[in-house]
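# Observations on the three-dimensional arrangement
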Amino acid sequence: MIQRAFFLLCSIITMASCVQQDLPKDVDLSSYQLIDTSLQLTAIASEPMIYAPVAIDFDSKGRLWVAEMPDYMPDINGEKENIPNGRILILEDSDEDGIMDKSTVFKDKIHHLRAIRLYNGGILYADDPNLYYSDIINDQEGATTIIDSFYAVGGNVEHKPNGLLLNIDNCFYNAKSHYRYCYDGENWTKESTNFRGQWGITNDENGRLYANDNSNFLYGDQFLPNTLISNKYIHKPQGLNKDVVRDRSIFPIHATSINRGYNEGTLDAEGKVLAATSACGPLIFQSIGLGESYDGDAFICVPEGNLIKRLKIQQNAFFPKATFAYPQKEFLVSDDEAFRPVNINTGPDGNLYIVDMHRGIIQHKIYMTNYLKEEIQQKKLDEIVDYGRILKISKKGSSQKMPTFDFSNEDSLLQYLSMDNGWLRTKAQEKLRFLASNTIDHKLYELLQTGSKLSKLHALWILDARKNIDLEKINKIKFSDPWVIANLFKIVGQKNIDLKKEAIVQLYENYISLPEEVVVNHMLTSLDILYNDYPEQHQRFLKALEEGMEDAKIAAYPSGTLIENPSERATIYNERVSKRDSFYIFKKQSKRKASQDGYSLFNNYCSPCHGFGGEGMEGQAPSLVGSTLINNQPEIIPLIIQHGLTGPVTINGKEENFPSVMPSFNINAAEIEKISNYIYNAFSNEVRSVNRNKIKLLQDKFSDRKKMWTEEELLRTDFETKR
């Protein structure tokens, strides 16, 4: 309380940044087990310096910027969640002993601060519902711009956009979002992208994106982002959000309190959770700081199991499959039930940094069952509130001092592009794209000829950002790495460069005979640029690339173009084009007021998984359109909302299986009525409704039920109720 009072006093008196030099308390890590004995775990920051951290970033000086979200479930009922209490802190290690000893409040009173990212002398941050960019002037907030006033509109706090991942293509991507944000040096643009993940997003060295949801460790894309987005009639594109590891098993070392622990198969005989229920914060670790064997591996936060999982991933394969790094074991695990890892970052020193929110309650009130609430109260987990840690994993005996880099020298920046630290390469690319220099572009073209794979990837995107991609120069260079070639064709497919006929045709000629799936499919996704002006070449190249995936071949046509002699998937595409059906809108809508109120509730509770149009999400949740359950008895949806749903479901006559379950919602009968009637209005074949009295009767009839429903059970259940 003294610490918080200090910051409040500072903000009242000075209305400026406040510096605090109290050291974090000593943290006992004796119960934390690292499977690799050559590594060490260090708490570099903790309470009272920080509270409830959820995201971090490092600046060019190696200082640590921390996003706090203490207004997430500050009590067991979440009653004070609407009080903006988040802060952005700057932490420094002034004596270079590896422990943060100086804290500066950059900004406070932020509501549900879920993401930050430093960029070009400023900072992006989310303050619900807005996304802001503020200039940083002497560690204080300068001019501030609203980038998106709808960044986090709708949805509950567990299901709102987050991440702000700067990808190699110079755009920021988010989990739980259909949008990316790009900056051209003067203006920010909000652009459509494919929906991914829930909490946390990451990328590999090739520029592909990965995300996850609470029950699935990692989804990965086969394609580079936005290569399949230009054709708006491609529904749920193939090759995106692929489940790269189907095993959901986790191996905690103690019994933990989780939601719906009463369901059969959730806990083992000792009360340990068997499978992930809150996987989040993935990271593809681009560094050899922990040893060469760690480079390219995926790390996943599992806060309900108090652990971090490591995956071995084939990041250069077209389909990036992953396997557990350790059978029956975890990379890092603890029996401290307040250990809540929610994000992981690579640091400037190449080490692994863990954001530990360190709270007793990690489950949001909307989904919290009475079972979990009782467990929390019995263990007094709701009293673990004013805590937070940043943990570092490094090699034993390694230097604790943060390295320094020369970001002002262009030759140094060019060297950094080939380094084995992804953080350093990304920072160098950021500096080079904005660098005022008459010689840098020439040096970048030299890198394209003589540099490493990594330096070539970054050089291409720096040249693109500097608007200096010259295909005639590019054609004189013969690239051999499939992912360098794929990124080149992504740049071409963006249509932001001068596409001279001779140069663009020659570019396809250069690589048309390469057999690699990566090259074939990415050439297809950009081929639409030839369709109108060079139809003969378009058809010739399309025939040569016939081994590509169906959606890549559809993307080879301009959006809305009918395809002749279509495949089965292209036939469905043609039907959408004929109907101008780029997204689903139901033809009828009830005039009941409940359906209007239900729209907002649906967006808050349901759309984060099922989509705003009810179309579902690949690998996460089924479509509501064509659902057998929704087109059956009107009592079904209220009962699913009340108790949840598990197992296979039937959509358009076909059985579909999803690794995730549909959780129950902790809401009242009035809200259940509104959501149910909106769903029956928007997505069923016939408009129908269910009233509140009926819902209350159903609640009474099934009041003793604890387990989730299955589709089979719902379809054969008698819903007859009597008062």
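Scope of this entry: the structure provided in the associated data block.

What counts and how
Position labels on residues start from 1 in each chain and follow its written sequence. pLDDT decides what is reported in this predicted model: residues at 70 or higher carry local features, side-chain atom pairs at 80 or more are listed and counted, and totals for whole chains, interfaces and linings draw on all residues regardless. To get the side-chain values, take all heavy atoms of the structure and skip hydrogens and water. Numbered from the N terminus, helices here are DSSP runs of H or I no shorter than four residues, and strands are runs of E no shorter than two. Partly exposed describes any residue whose relative accessible area lies between the buried limit of under 20% and the exposed limit of over 50%, with all areas from a 1.4 Å probe on protein chains only and scaled to the type maximum. What makes two residues a contact is simply this: any of their non-hydrogen atoms within 4.5 Å. Only the protein chains shown count as cover for residues, and the accessible areas themselves come from Shrake-Rupley with a 1.4 Å probe. Counted charges follow a simple rule, with Lys and Arg positive, Asp and Glu negative, and His plus the chain ends left uncounted. Note that the charge is assigned to NZ on lysines, CZ on arginines, CG on aspartates and CD on glutamates. Strand pairing is assigned whenever DSSP detects at least two bridges linking the two strands. Think of a nonpolar core as a cluster: buried Ala, Val, Leu, Ile, Met, Phe, Trp, Tyr and Cys residues, connected wherever their side-chain atoms sit within 4.5 Å. As defined here, a cavity is a set of points on a 1 Å grid over the protein atoms alone where a 1.4 Å probe fits but cannot get out. A pocket is an open set with protein on both sides within 12 Å along at least five of seven lines, and residues line them when an atom is within 4 Å of a point. Grid points are joined across faces, edges and corners, and a volume is the space filled by probe spheres set on the points. Side-chain classes are defined by residue name, with Ala, Val, Leu, Ile, Met, Phe, Trp, Tyr, Cys and Pro counting as nonpolar, Asp, Glu, Lys and Arg as charged, and the others, Gly among them, as polar. Fitting a line to C-alpha atoms yields each axis, with helices limited to the stretch in contact; the angle taken between N-to-C directions then spans 0 to 180 degrees. Polar contacts here mean pairs of N or O atoms no more than 3.5 Å apart (in protein, one a potential hydrogen donor and the other a potential acceptor; neighbouring residues in sequence count only if both atoms are side-chain atoms). By this rule the span expected of a helix is its residue count minus one, scaled by 1.5 Å. Note that a disulfide, as used here, is simply two cysteine sulfur atoms within 2.5 Å. Each aromatic pair joins two rings of Phe, Tyr and Trp (for Trp, the six-membered one) with centres within 6.5 Å, and gets the label stacked for planes under 30 degrees apart, edge-to-face for over 60, and tilted for any other angle. Both a distance and an angle decide whether a charge sits over a ring: NZ of Lys or CZ of Arg must be within 6 Å of the ring centre and within 35 degrees of the ring normal.

Attention now goes to the overall build of the chain. Across its full length, the chain carries 19 helices and 29 strands. Taken along the three principal axes of its C-alpha coordinates, the chain extends 80 × 70 × 50 Å. By the burial criterion, 61% of the 723 residues in the chain qualify as buried. Sequence separation of 24 or more characterises 63% of the internal contacts of the chain that already satisfy a separation of 6 or more. When the accessible area of the chain is evaluated, it comes to approximately 29700 Å², of which 47% is carbon and sulfur surface. Charged side chains in the chain number 81 positive and 97 negative. The centres of these two groups are separated by 4 Å.

Side-chain direction in a regular strand flips from residue to residue, so the side chains alternate between the two faces of the sheet. Taken across its seven residues, strand β14 (residues 177-183) has five buried, putting it largely inside the fold. Relative to β14, strand β13 (residues 171-175) runs antiparallel, the two being bridged by three bridges. Paired with Phe172 across the two strands is Tyr181, which belongs to β14. The turn joining β13 and β14, which pair antiparallel and follow one another in sequence, is formed by one residue; a positive phi near 55° is taken by Lys176. Pairing of β14 with strand β15 (residues 188-196), which is carried by six bridges, proceeds in the antiparallel orientation. Directly across from Tyr183, in β15, lies its bridge partner Trp188. Counted between consecutive antiparallel strands, the loop separating β14 from β15 contains four residues, among which Gly185 sits at a positive phi close to 105°.

Moving on: the nonpolar core. Counting 138 residues, the largest nonpolar core has Phe331, Leu332, Ile393 and Ile504 as the members making the most contacts within it. If one sorts the elements of this core by residue count, helix α8 (residues 482-493) sits on top with eight residues. In this structure, Phe331 is in contact with Gln33, Leu34, Ile35, Leu39, Tyr294, Phe299, Ile308, Arg310, Tyr326, Leu352 and Ile393, ignoring residues within four places of it in sequence. With 35 residues, the next largest nonpolar core counts Ile637, Leu645, Tyr680 and Val690 among its residues.

With that out of the way, let us pick up empty space enclosed by the protein. Per the counting criterion, the structure on display carries two cavities of 30 Å³ or more. What the largest cavity holds in volume is close to 730 Å³. The wall of the largest cavity is formed by 41 residues, among which Arg117, Leu165, Leu166, Asn203 and Thr426 lie closest to the centre. Of all the secondary-structure elements, those providing two or more residues to the lining of the largest cavity are β4 (53-58), β8 (116-119), β12 (162-166), β16 (201-203), β20 (280-284), β25 (341-346) and α4 (422-433). When the residues that make up the lining of the largest cavity are grouped by side-chain class, the tally is 16 nonpolar, 16 polar and nine charged. Each pocket or cavity is described by its volume, and for the second largest cavity that value is around 40 Å³.

Moving on, we get to unusual backbone geometry. Of note, the amide linkage connecting Glu47 to Pro48 takes the cis form, showing an omega dihedral of 5°. Positive phi is not limited to glycine here, since Met73 has a value of about 40°. Tracing the sequence through the fold places Met73 in the loop between β5 (64-68) and β6 (86-92). For Met73, a relative accessible area of 1% translates into the label buried. Its identity is not glycine, yet Lys176 carries a phi of approximately 55°, on the positive side. Tracing the backbone through its elements, the reader meets Lys176 in the loop between β13 and β14. Overall, Lys176 belongs to the buried group, its relative accessible area being 5%.

Turning our eyes to something else, we now look at the pairing of strand β26 (residues 352-356). Along β26, five of the five residues are buried, which leaves the element largely enclosed by surrounding structure. Residues Leu352, Ile354 and Asp356 of β26 are buried on one face, and the alternating residues Tyr353 and Val355, pointing to the opposite face, are buried as well. As paired strands, β26 and strand β27 (residues 389-395) are joined by five bridges and run antiparallel to one another. Following the sheet pairing, Asp356 is matched in β27 by Arg389.

Further remarks concern the sheet that holds strand β11 (residues 140-148). In space, the four strands of this open sheet follow the order β8-β9-β10-β11, with antiparallel pairing throughout. Either end of the sheet is taken by a strand with one partner, and the two such strands are β8 and β11. Recorded for the sheet is a direction-independent mean angle of 25° between the axes of neighbouring strands. Here strand β9 (residues 122-127) pairs with strand β10 (residues 130-137) via six bridges, running antiparallel. Each residue of the ladder has a partner; that of Ala126, found in β10, is Leu131.

Assignment of secondary structure puts Asp221 in the loop between β18 (216-220) and β19 (242-243). Here Asn241 takes part through its backbone nitrogen, which lies 2.8 Å from a polar atom of the side chain of Asp221. Each residue touching Asp221, except ones within four places of it in the same chain, is listed here: Arg196, Arg208, Leu209, Gly239, Leu240, Asn241 and Pro320.

The next thing to look at is α4. Along its 12 residues, α4 runs 17 Å from first to last C-alpha, staying within 8% of the 16 Å computed at 1.5 Å per residue. Most of α4 is tucked away, with 10 of its 12 residues classed as buried. Within α4, the full set of buried residues consists of Gly422, Trp423, Leu424, Arg425, Lys427, Ala428, Gln429, Glu430, Leu432 and Arg433. Between a side-chain oxygen at the N-terminus of α4 and the backbone nitrogen of Trp423 the separation is 2.8 Å; the capping residue is Asn421.

All chains considered together, the criterion is met by one disulfide. Lacking any disulfide linkage, Cys280 is separated from the closest cysteine sulfur, that of Cys301, by 5.0 Å. Counting only cysteine sulfurs, Cys609 is the nearest neighbor of Cys606, a cysteine outside any disulfide, at a range of 8.9 Å. Of the residues examined, Cys606 reaches a relative accessible area of 7% and is grouped as buried.

Here the structure, examined in full by the defined rule, presents 34 aromatic pairs. Summarising the aromatic geometry, the rings of Phe489 and Tyr508 are spaced 4.9 Å apart at their centres and angled 55° between planes, so their arrangement reads as tilted. Here Phe489, found in helix α8, pairs with Tyr508, found in helix α9 (residues 501-511); they are 19 residues apart in sequence, far enough to count as distant. An aromatic cluster is defined as three or more aromatic residues linked by ring pairs; in this entry it consists of Tyr119, Tyr133, Phe172, Tyr183, Trp188 and Phe434. The ring of Tyr179 has Lys190 lying over it, and the distance from NZ or CZ to the ring centre is 4.2 Å.

For Asn120, the location among the structural elements is in the loop between β8 and β9. Discounting residues that sit within four places of it in the chain, Asn120 has contacts with Tyr133, Tyr183, Glu430 and Phe434.

By themselves, these are just geometric observations and shouldn't be taken as functional.
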